[in-house]
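An overview of the molecular structure
Each chain, letter by letter, is given below.
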Amino acid sequence: MTPVTRQEVLGLYRKIFRIAKKWQSASGQIEETIKEKEYIKNEAKTLFRKNKNVMDPKLIKQCIEECEARIEIGLHYNIPYPRPIHLPPMGLAHKQGRLLRHQEKLRKISKPIYLKSHDEVS
């Protein structure tokens, strides 16, 4: 990891914890605010620790983009959790075969960047 990339990653980590410190839930309830603050901190710790040994520059760049996207979406919608996506159901394919693999590939490609790591951790 280059020193510039390292500083960028550490800056994102600090930014997330500053956001968590100032976070207010949309409902304004104290219990919910505390729960969401803890979620933000735990999610950041989990994902950053999971990716600490990543050395591929392309993968590091992808993780940085995902982090920035999740920060922006969370701040915009005032929801710390990843926003759900609505993909078409896989009811048209047979249980096995090329059509099913093709549909699974299309679903994987169409998943937004901010949800790539969420499914791996959850």
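As the structure is a prediction and not an experimental result, all values here were calculated from the model. (Residues numbered from 1 in each chain as written. Predicted model: local features only at pLDDT ≥ 70, side-chain atom pairs only at ≥ 80, totals over all residues. Heavy atoms only, no water.)

**A closer look at a nonpolar patch on the surface**
The grouping of Tyr77, Ile79 and Tyr81 at the surface amounts to a nonpolar patch, some 250 Å² of accessible area in total. The topology assignment puts Ile79 in the loop between helix 3 (57–77) and helix 4 (98–110). (Patch = residues over 30% accessible without salt bridge, like charges linked within 9 Å, V, L, I, M, F, W, Y side chains within 5 Å. Areas by Shrake-Rupley, 256 points an atom, 1.4 Å probe, with all protein chains shown as cover. Salt bridge = Lys/Arg side-chain N within 4 Å of Asp/Glu carboxyl O. Helix = DSSP H or I, 4+ residues; strand = E, 2+ residues; numbered from the N terminus.)

**Some thoughts on the side chain of Arg70**
Structurally, Arg70 is set in helix 3. With relative accessibility at 16%, the residue Arg70 sits in the buried group. Only 3.1 Å separates the side chain of Arg70 from the side chain of Glu43, close enough to count as a polar contact. (Buried < 20%, exposed > 50% of the residue type's maximum accessible area, 1.4 Å probe, protein only. Polar contact = N/O pair within 3.5 Å; in protein donor to acceptor, adjacent residues only side chain to side chain.)

**Looking at helix 2 (residues 30–50)**
An ideal rise of 1.5 Å per residue puts 30 Å on 21 residues; helix 2 measures up with 30 Å between its terminal C-alpha atoms. What helix 2 keeps buried is the set Thr33, Glu36, Tyr39, Ile40, Glu43, Ala44 and Leu47. Viewed along the axis of helix 2, the buried residues span an arc of 120°, placing them on a single side of the element. What points out from helix 2, more than 90 degrees from its buried face, is the exposed set Ile30, Glu31, Ile34, Lys35 and Arg49. (Expected span 1.5 Å × (residues − 1). Arc of directions from axis to C-beta.)

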